[in-house]
Amino acid sequence: MNIICAKCGVTNNVENDSYCQNCSTLLENYCTNLNCILNDGEYPETCGPANCICIWCGCETTHYVSGILKPQKIDNDEMEL
Ligand SMILES: [Zn+2]
Ligand SMILES: [Zn+2]
């Protein structure tokens, strides 16, 4: 399965690559909270590639901190708070 680079959009990176072969961006998106359960084991586990925020602890992800990802703006008039 190919991995799309979150920064440049190149699609020919493969699953075990760590860095984009086109722009050297880290392909995987990690939680920045070192105490998060994702970072608890011997190797850190990745957040979803499009996640700005870790869904486990609510901290920012590495892609978000490095400016690759921006929070989506969703206009949904039907949604009531
Ligand atoms: Zn790239
Ligand atoms: Zn986390």
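What comes next is a walk through the structure. (Residues numbered from 1 in each chain as written. Chains lettered and ligands numbered in written order. Predicted model: local features only at pLDDT ≥ 70, side-chain atom pairs only at ≥ 80, totals over all residues.)

With that settled, consider the overall build of the protein chain. Of the regular secondary structure elements, the protein chain holds one helix and four strands. Ordering the α and β elements of the protein chain from the N terminus gives β-β-β-β-α. Expressed as lengths along the three principal axes of its C-alpha atoms, the size of the protein chain is roughly 45 × 30 × 20 Å. Put simply, of all contacts in the protein chain between residues at least 6 apart along the chain, 24% involve residues at least 24 apart. (Helix = DSSP H or I, 4+ residues; strand = E, 2+ residues; numbered from the N terminus. Contact = placed C-beta atoms within 7 Å.)

Now for the environment of Cys20. Tracing the sequence through the fold places Cys20 in the loop between β2 (13–14) and β3 (29–30). Here Cys20 is in contact with Cys5, Lys7, Cys8, Val10, Asn13, Thr25 and Leu27, once residues within four sequence places are set aside.

The phi angle at Ser24 is positive, at roughly 65°, despite the residue not being glycine. Here Ser24 shows up in the loop between β2 and β3.

Tracing the sequence through the fold places Asn33 in the loop between β3 and β4 (46–47). On the basis of neighbour count, Asn33 is assigned to the partly exposed category, with 16 C-beta atoms found within 10 Å. C-alpha separation for the pair Asn33 and Gly9, spaced 24 residues apart in sequence, amounts to 26 Å. Not counting residues within four places of it along the chain, the set of residues in contact with Asn33 comprises Asn39, Cys54, Cys57 and Cys59. (Buried ≥ 20, exposed ≤ 12 C-beta atoms within 10 Å, placed from the backbone.)

Looking now at the environment of His63. When you line up the elements, His63 lands in helix α1 (residues 62–65). On the basis of neighbour count, His63 is assigned to the buried category, with 25 C-beta atoms found within 10 Å. Spatially, the C-alpha atoms of His63 and Glu28 are 8.2 Å apart, while their sequence positions differ by 35 residues.

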